[in-house]
Amino acid sequence: MTIEDLYTAFGTGIWFRDLTGILLWLGIAVLTIYVPYLNESPLRIIFALPVVLFIPGYALIAALFPPGKEEIDTLERVALSFGLSIAVVPLIGLALNYTPPGGYGWTRLFSPCPSSR
């Protein structure tokens, strides 16, 4: 197995359109959470809600069922993404609670779980 085989295992190139869109959405969500004027606007909710309710499940579905292999269609992919996000996000929050910072500090960047501190 070569490096090229790994790049083409889940699609035709290194960057996939759906995962690139997710990274772009996450970048905008981080900006709306941490930029002082934007974090008081409704844009924060609009961009942060899918980070909690959709993106973790979609990333897991994209890893389990790559888009190039048509085993599940788009509607099933979206429905499973919401369901898996609802199952995975509390587990991530529970796991981060037992890390040394206690779920706060640098660990907030790696979790879709919102924090009030």
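Before reading on, note that the structure itself is shown above.
Remember, predicted model here, so these are calculated numbers, not experimental data.

Peer 1: When you look at a nonpolar patch on the surface in this model, what are you seeing that I'm missing?
Peer 2: Taken together, the side chains of Ile-45, Leu-49, Leu-53, Val-78, Phe-82 and Ile-86 present a nonpolar region at the surface, about 540 Å² in accessible area. Elements with a minimum of two residues in the nonpolar patch: α3 (43–53) and α5 (74–97). With respect to the secondary-structure elements, Leu-53 resides in helix α3. The exposure class of Leu-53 is partly exposed, given its relative accessible area of 35%.

Peer 1: When you look at α3 in this model, what are you seeing that I'm missing?
Peer 2: For an α-helix the count is 3.6 residues per turn, leaving residues at separations of three or four pointing the same way. Every buried residue of α3 is listed here: Phe-47, Ala-48 and Val-51. The buried residues of α3 occupy one face: seen down the axis, they fall within an arc of 90 degrees. Those residues of α3 that are buried are in contact with α2 (17–34) and α4 (55–64).

Peer 1: Looking at this structure, how should I read the packing of aromatic side chains?
Peer 2: Note on aromatic pairs: each is described by the distance of the centres and the angle between the planes. Within this structure, the stated rule accounts for three aromatic pairs. Look at Phe-54 and Tyr-58: their rings are 5.5 Å apart centre to centre, the planes differ by 25 degrees, and that puts the pair in the stacked class. Grouping aromatic residues by their ring pairs yields a cluster made of Phe-54, Tyr-58 and Phe-82.

Rules used in this analysis
Residues numbered from 1 in each chain as written. Predicted model: local features only at pLDDT ≥ 70, side-chain atom pairs only at ≥ 80, totals over all residues. Heavy atoms only, no water. Patch = residues over 30% accessible without salt bridge, like charges linked within 9 Å, V, L, I, M, F, W, Y side chains within 5 Å. Areas by Shrake-Rupley, 256 points an atom, 1.4 Å probe, with all protein chains shown as cover. Salt bridge = Lys/Arg side-chain N within 4 Å of Asp/Glu carboxyl O. Helix = DSSP H or I, 4+ residues; strand = E, 2+ residues; numbered from the N terminus. Buried < 20%, exposed > 50% of the residue type's maximum accessible area, 1.4 Å probe, protein only. Arc of directions from axis to C-beta. Contact = heavy atoms within 4.5 Å. Phe/Tyr/Trp six-rings, centres within 6.5 Å; stacked < 30°, edge-to-face > 60°.

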